[in-house]
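Coordinate inspection notes
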2 protein chains.
Amino acid sequence: MGRRSGRRPGDSGTREAIRAAAVRLFAEQGYDRTSMRAVAAAAAVDPKLVAHYFGSKQQLFVSVVELPFDPAVVVPAIFAGAREEIGERLASAVVGVLEDPEGRRRLTGLIRAAASEPEAARMVRELVGREVFARIAEALGVEDADVRASLVGSQVVGLAMARYIVRVEPLASLPPEAVVAAIAPNLQRYLVEPLPPALRADR
Amino acid sequence: MGRRSGRRPGDSGTREAIRAAAVRLFAEQGYDRTSMRAVAAAAAVDPKLVAHYFGSKQQLFVSVVELPFDPAVVVPAIFAGAREEIGERLASAVVGVLEDPEGRRRLTGLIRAAASEPEAARMVRELVGREVFARIAEALGVEDADVRASLVGSQVVGLAMARYIVRVEPLASLPPEAVVAAIAPNLQRYLVEPLPPALRADR
């Protein structure tokens, strides 16, 4: 045990310190470049404690990766109002998360991790599929709901990449309400407008 | 000089071998994880030759990063025909590049690099801004053309992420022509349909 770094196993703060360090490093550096040793150093704990509390690096990632919003609350709220404004409400929710520093850090961290490495991509895909897309598809309640949810996902991840990660201008400098107005009709189409025959044919 | 690895400086193939190795490693591993040493090893040359021909890692990246299409040819072709089908032609061009293995490798490599590290993001932003967005904006020839080009960019990079990098289902398994049909109207709106007042107000 010892008292290395001033923290002992069993300290109620140790697990949380490791978790916080892992969240930060995965977000800043991506999955692949974040080592268990670096997480331990950032949390000021013995590297063995990271494995003790979280197991493998993959298990650590799965444990600490969290969406910066609660999809069980947000998705029903988006679908609760007038159907012709679903795109607007979804766009507002997405931009709201990404304009908040903590929300942006988490969401762009997920995207960076998914872009960096197939194993992280698989974990992010499963998390988002289960927590977000499945709820959107259920709320839509139509036969092609899963295609619609994944098309929405393509625009949302693209907005996060273009405006917040790569910072393409002038998109990066638009006021948030302009971004909402720009993407809302496109999300509206993906969610509720008729899709072309090519998408319905084989489903 | 010596004959290490069977290649000498001045070999006409040396520069090309380094270039090919760098293209492959940047695409597979991203900017940050690709070292000059690894490029040299993959090209079977002395590491000093990489610096000799290309300078710094950043200079190597800028030298070898190429778009998997010629925007000077592709952009005018997209804008040459009927205006109501620009979205369709752009969607076909994008999906065509991404369905081709070499095109996909290059484009997703650019995106992975941009996601991995701010310095690579800056280089990709400059390349795409200069080579693609500026041409689209010029072809559009309207006042808000630069906003439109960057919104198109958000959907295109999001499609590449969702379908080809993270492989979100069912988007990842749709036939290419269904993907074109799905995104074409959204690209059409970004390119030529009226944008909301919030986007015009401050421009």
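Residues numbered from 1 in each chain as written. Chains lettered and ligands numbered in written order. Predicted model: local features only at pLDDT ≥ 70, side-chain atom pairs only at ≥ 80, totals over all residues. Heavy atoms only, no water.

1. Points about the interface of chain A and chain B
Residue-level contacts link 45 residues of chain A with 45 residues of chain B. At the surface where chain A touches chain B, the tally comes to zero salt bridges. On the surface where chain A and chain B come into contact, there are 17 residue pairs in polar contact (both at pLDDT 80 or more). For the side of chain A that touches chain B, the elements supplying multiple residues, two or more each, are helix 7 (101–116), helix 8 (118–140), helix 9 (145–165), helix 10 (176–192) and helix 11 (197–200) of chain A. No other element matches the twelve residues that helix 9 of chain A contributes to the side of chain A that touches chain B. (Contact = heavy atoms within 4.5 Å. Salt bridge = Lys/Arg side-chain N within 4 Å of Asp/Glu carboxyl O. Polar contact = N/O pair within 3.5 Å; in protein donor to acceptor, adjacent residues only side chain to side chain. Helix = DSSP H or I, 4+ residues; strand = E, 2+ residues; numbered from the N terminus.)

2. Comments concerning the pattern of salt bridges
Residue and element names in this part refer to chain A. Taken as a whole and judged by the stated rule, the model has 18 salt bridges over all chains. Arginine 19 is paired through a salt bridge with glutamate 16; the nearest N and O atoms lie 3.0 Å apart. Of this pair, arginine 19 and glutamate 16 both sit in helix 1 (residues 12–29), three residues apart, which is roughly one turn of the helix. One salt bridge connects arginine 130 with glutamate 131, and the closest N-O pair in it is separated by 3.4 Å. One salt-bridge network, held together by shared partners, links Glu102, Arg105 and Arg106.

3. Remarks on the relation of the copies chain A and chain B
Its rotation angle being 180°, the transformation that places chain A on chain B also includes 0.0 Å of axial translation and leaves an RMSD of 0.0 Å. Read as a symmetry element, the transformation amounts to a two-fold axis. Across chain A, the rotation axis passes nearest the C-alpha of A:Gly158, at a separation of 1.7 Å. (Least-squares fit on C-alpha atoms with pLDDT ≥ 70 in both.)

4. Some points on the packing of helix 7 of chain A against helix 8 of chain A
All names here are of chain A. The N-to-C vectors of helix 7 and helix 8 enclose an angle of 135°; their axes lie 6 Å apart at closest approach. Between helix 7 and helix 8, the angle falls in the class oblique. Between helix 7 and helix 8, the residues in contact are Leu110, Ala113 and Ala114 and Ala120, Ala121, Val124 and Leu127, respectively. (Axes fitted to C-alpha atoms, helices over the stretch in contact; angles between N-to-C directions. Parallel < 35°, antiparallel > 145°, perpendicular 65-115°, else oblique.)

5. Quick look at helix 5 (residues 71–80) of chain A
Each α-helix winds once per 3.6 residues, and so residues spaced three or four apart point in a common direction. All names here are of chain A. Among all positions in helix 5, only Pro71, Val75, Ile78 and Phe79 are buried. Within helix 5, the buried residues cover an arc of 90° as seen down the axis, which keeps them to one side. Exposed positions of helix 5 whose direction lies more than 90 degrees from the buried face are Val73 and Ala80. Buried residues along helix 5 sit in contact with helix 6 (86–99), helix 8 and helix 10. For helix 5, the capping residue at the N-terminal end is aspartate 70, with a side-chain oxygen 3.0 Å from the backbone nitrogen of alanine 72. (Buried < 20%, exposed > 50% of the residue type's maximum accessible area, 1.4 Å probe, protein only. Arc of directions from axis to C-beta.)

6. Describing the packing of aromatic side chains
Residues and elements named next belong to chain A. Tallied over the entire structure, the rule returns four aromatic pairs over all chains. Centre to centre, the rings of phenylalanine 26 and phenylalanine 61 are 5.0 Å apart; their planes meet at 90°, and the pair counts as edge-to-face. On the criterion of sequence distance, the pair formed by phenylalanine 26 in helix 1 and phenylalanine 61 in helix 4 (residues 57–64) is long-range, its members being 35 residues apart. Using a relative accessible area of 2% as the deciding quantity, one classes phenylalanine 61 as buried. Counting every residue linked through ring pairs, the aromatic cluster contains Phe26, Tyr31 and Phe61. Taking the ring centre of tyrosine 31 as reference, the NZ or CZ of lysine 57 above it sits at 4.6 Å. (Phe/Tyr/Trp six-rings, centres within 6.5 Å; stacked < 30°, edge-to-face > 60°. Lys NZ or Arg CZ within 6 Å of the ring centre and 35° of its normal.)

7. Some remarks on the packing of helix 6 of chain A against helix 7 of chain A
Residues and elements named next belong to chain A. The interhelical angle for the contact between helix 6 and helix 7, taken along N-to-C directions, is 100°, at an axis separation of 5 Å. Of the possible angle classes, the one that applies to helix 6 and helix 7 is roughly perpendicular. Side by side, helix 6 and helix 7 meet where Val97, Leu98 and Glu99 of the first sit next to Pro101, Gly103, Arg104, Leu107 and Thr108 of the second. Across the contact of helix 6 with helix 7, the residue classes tally to four nonpolar, two polar and two charged. (Nonpolar A, V, L, I, M, F, W, Y, C, P; charged D, E, K, R; others polar.)

8. A word on the confidence of the model for chain A
In this model, chain A carries an average pLDDT of 88, and 92% of its residues clear a pLDDT of 70 or more. Overall fold confidence for the complex sits at a pTM of 0.84, while the interface term, ipTM, reaches 0.83. (pLDDT = per-residue confidence, 0-100.)

9. A short note on helix 10 (residues 176–192) of chain B
All names here are of chain B. The first and last C-alpha atoms of helix 10 sit 24 Å apart over 17 residues, in line with the 24 Å expected at 1.5 Å per residue. Along helix 10, the sharpest kink reaches roughly 35°, centred on isoleucine 183 and followed within four residues by the proline proline 185. For helix 10, the tally of buried residues reaches 13 of 17 residues, placing the bulk of the element in the interior. (Expected span 1.5 Å × (residues − 1). Bend = angle between axes of the 7 residues up to and from the residue.)

10. Here's the deal with the environment of A:Ala162
Within the secondary structure, A:Ala162 sits in helix 9. Other than its neighbours up to four places away in sequence, A:Ala162 contacts A:Arg167, A:Val168, A:Leu171 and B:Ser154.

11. Side note on unusual backbone geometry
In this chain, A:Glu169 is followed by A:Pro170 through a cis amide linkage whose omega measures 5°. Structurally, A:Pro170 is set in the loop between helix 9 and helix 10. A positive phi angle, near 55°, is found at A:Ala44, a position not held by glycine. As for its placement among the helices and strands, A:Ala44 is situated in the loop between helix 2 (36–43) and helix 3 (47–54). Of note in this structure, B:Arg167 is not a glycine but carries a positive phi near 55°. Position of B:Arg167 among the secondary structure elements: in the loop between helix 9 (145–165) and helix 10.

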